[in-house]
Amino acid sequence: MNPNSIVSIDELSKEDLLSILRDAAFFEAHPNHKILDGMVVATLFFEPSTRTRLSFETAVNRLGGRVIGFSDANTSSSSKGESLKDTIKMVSNYVDLIIMRHFKDGAAEYARTVTETPIINAGDGSNQHPSQTMLDLYSIQKTQGTLNDLTITMVGDLKYGRTVHSLLQAMRFFNPTFRFVSCPELAMPQKYIDFCEREGIKYEIHTELSPEVINSTDILYMTRVQRERFPSIEEYNRVKDCYSLNRAMLDGARENLRVLHPLPRLNEINEDVDDSPKAYYFDQARNGLFARQAMICRVLGIDVDALRRQFDNK
Ligand code: CP
């Protein structure tokens with residue numbers, strides 16, 4: 001087991017989070033370096049991805065490393081029945097870092113127990129998505145000027161959405177107020193409600209995305225209903241169109257409100273929002289590159305401060 005792995009966001013202290021955010025800002029200003037020269041990183045995606053895989057791979061490339069891996073597990077020997085344990089042990093023979101997405105909750109936690117190679121969890125089932133959370137925090141900090149004392153409204157699939165689970169946990173250091181807006185079938189799981197209670201985090205539960213809720217929100221975090229996690233298509237069809245945000249709904253919103261979404265979106269954000277100054281989801285995805293560069297350096301023990309000093313002294 002490698003102690004530098006990042007499997008769950010709640011393993012990171014407040015100082016860890018702030019340090020990654022500082023490094024992300026550095027990489028946004030200075031994206032290209034040769035600090036991974038000679039290193040190889042594996043991206044093992046047992047579940048589809050556009051942003052996470054491509055931004056991680058871009059991050060490695062911009063840092064001068066090389067990438068191997070698969071974006072479709074059907075092209076790997078797991079399609080012949082090879083176990084996750086054996087796959088991880090094999091890939092560990094070849095690389096310096098494994099970035100893995102898997103459809104099973106807990107898969108990343110299991111993976112780190114069978115290897116000394118560091119692991120970054122790129123999403124495991126409906127459980128955790130720590131790199132998404134780092135780019136979400138970076139986006140919140142950039143747009144609000146702070147992470148502290150914000151009202152964050154999470155909308156949509158709060159049951160299966162791993163991004164809201166990770167974000168909720170990371171925000172515990174910053175005195176947030178949460179609004180959980182969902183239909184009852186997709187409510188925030190009890191364990192995260194218990195987490196809020198334990199941590200003294202303020203929260204409200206709503207079923208309607210009302211003007212009162214929108215107009216007193218700083219971050220409106222929309223999510224897709226996660227079709228792939230439903231036991232049946234009938235159950236998915238019953239709830240898939242619960243919420244749809246359009247531009248007119250933002251008319252009375254605070255000046256600083258920004259709409260975030262981990263993407264991909266379906267119809268929970270109407271395209272007429274895209275041109276609004278409050279829409280931030282495409283910039284948010286771009287921020288993923290910098291946040292992931294920072295995470296890769298952290299996991300590989302690369303001192304970004306030393307790099308920063310080189311630039312400061314120029
Ligand atoms: N936000 C996110 O995880 O997107 P992808 O599924 O495209 O990686």
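Provided above is the structure to which this section pertains.
What counts as what
Residues numbered from 1 in each chain as written. Predicted model: local features only at pLDDT ≥ 70, side-chain atom pairs only at ≥ 80, totals over all residues. Heavy atoms only, no water. Pairing = 2+ DSSP bridges. Helix = DSSP H or I, 4+ residues; strand = E, 2+ residues; numbered from the N terminus. Axes fitted to C-alpha atoms, helices over the stretch in contact; angles between N-to-C directions. Salt bridge = Lys/Arg side-chain N within 4 Å of Asp/Glu carboxyl O. Buried < 20%, exposed > 50% of the residue type's maximum accessible area, 1.4 Å probe, protein only. Near = heavy atom within 4 Å. Polar contact = N/O pair within 3.5 Å; in protein donor to acceptor, adjacent residues only side chain to side chain. Areas by Shrake-Rupley, 256 points an atom, 1.4 Å probe, with all protein chains shown as cover. 1 Å grid on protein atoms, 1.4 Å probe; cavity = no way out; pocket = protein on both sides within 12 Å on 5 of 7 lines; lining within 4 Å. Sits in = over half its atoms within 2 Å of the grid points. Nonpolar A, V, L, I, M, F, W, Y, C, P; charged D, E, K, R; others polar. Contact = heavy atoms within 4.5 Å.

K.L.:
Can you help me understand the sheet that holds strand β2 (residues 66-70) in this one?
P.N.:
In sheet architecture, strand pairing relies on hydrogen bonds along the backbone and comes in two forms, parallel and antiparallel. One open sheet accounts for four strands, arranged β2-β1-β3-β4; its pairing is parallel. Across the chains shown, the open sheet's two edge strands, defined by having one partner strand only, are β2 and β4 (119-124). Sheet twist, expressed as the average angle between the axes of neighbouring strands with direction ignored, equals 15°. Where strand β1 (residues 40-45) lies against strand β3 (residues 97-102), five bridges are found, and the strand directions are parallel. Each bridged residue has a counterpart across the sheet, and for threonine 43 the counterpart in β3 is isoleucine 99.

K.L.:
Sorry, what's going on with the pattern of salt bridges here?
P.N.:
Opposite charge on two side chains permits pairing when their charged atoms draw close. One pass over the structure, following the stated rule, counts 15 salt bridges. In this structure, aspartate 241 engages lysine 240 in a salt bridge whose closest nitrogen and oxygen atoms are separated by 3.2 Å. With relative accessibility at 45%, the residue aspartate 241 sits in the partly exposed group. For arginine 308, the salt bridge is made with aspartate 305, and the minimal N-O distance between the two is 2.3 Å. Within this pair, arginine 308 and its partner aspartate 305 are both found in helix α11 (residues 304-312), separated by three residues, close to a single helical turn.

K.L.:
Where do I start with the site of the ligand in this structure?
P.N.:
By nearness alone, every residue bordering the ligand is listed as Ser49, Thr50, Arg51, Thr52, Arg101, His129, Gln132, Pro262 and Leu263. Threonine 50 places a main-chain nitrogen or oxygen 2.8 Å from an oxygen atom of the ligand. Histidine 129 places a polar side-chain atom, nitrogen or oxygen, 2.9 Å from an oxygen atom of the ligand. Taking 250 Å² as the accessible area of the ligand by itself, protein coverage stands at 92%. Taking a 2 Å distance to the grid points as the criterion, the majority of the atoms of the ligand fall inside the largest pocket. Residues that form the shell around the ligand fall into these classes: two nonpolar, five polar and two charged.

K.L.:
Can you walk me through the sheet that holds strand β6 (residues 177-181) in this structure?
P.N.:
Strand order in the open sheet formed by five strands is β7-β6-β5-β8-β9, and the pairing between neighbours is parallel. Edge strands, defined here as strands with exactly one partner in the open sheet, are β7 (202-206) and β9 (258-260). On average, adjacent strands in this sheet sit at an angle of 20° to one another, irrespective of strand direction. For strand β5 (residues 151-155) and strand β8 (residues 219-222), the ladder comprises four bridges, and the chain directions are parallel.

K.L.:
Looking at this model, I keep getting lost on the environment of asparagine 215. Mind explaining?
P.N.:
The topology assignment puts asparagine 215 in the loop between α8 (211-214) and β8. Judged by its relative accessible area of 30%, asparagine 215 is partly exposed. Considered as a pair, asparagine 215 and aspartate 251 are 36 residues apart in the sequence and their alpha carbons are 8.6 Å apart. Aside from chain neighbours lying at most four places away, what touches asparagine 215 is Gly252, Ala253 and Arg254. Within the structure, asparagine 215 has its side chain in polar contact with the backbone nitrogen of alanine 253 (distance 3.4 Å).

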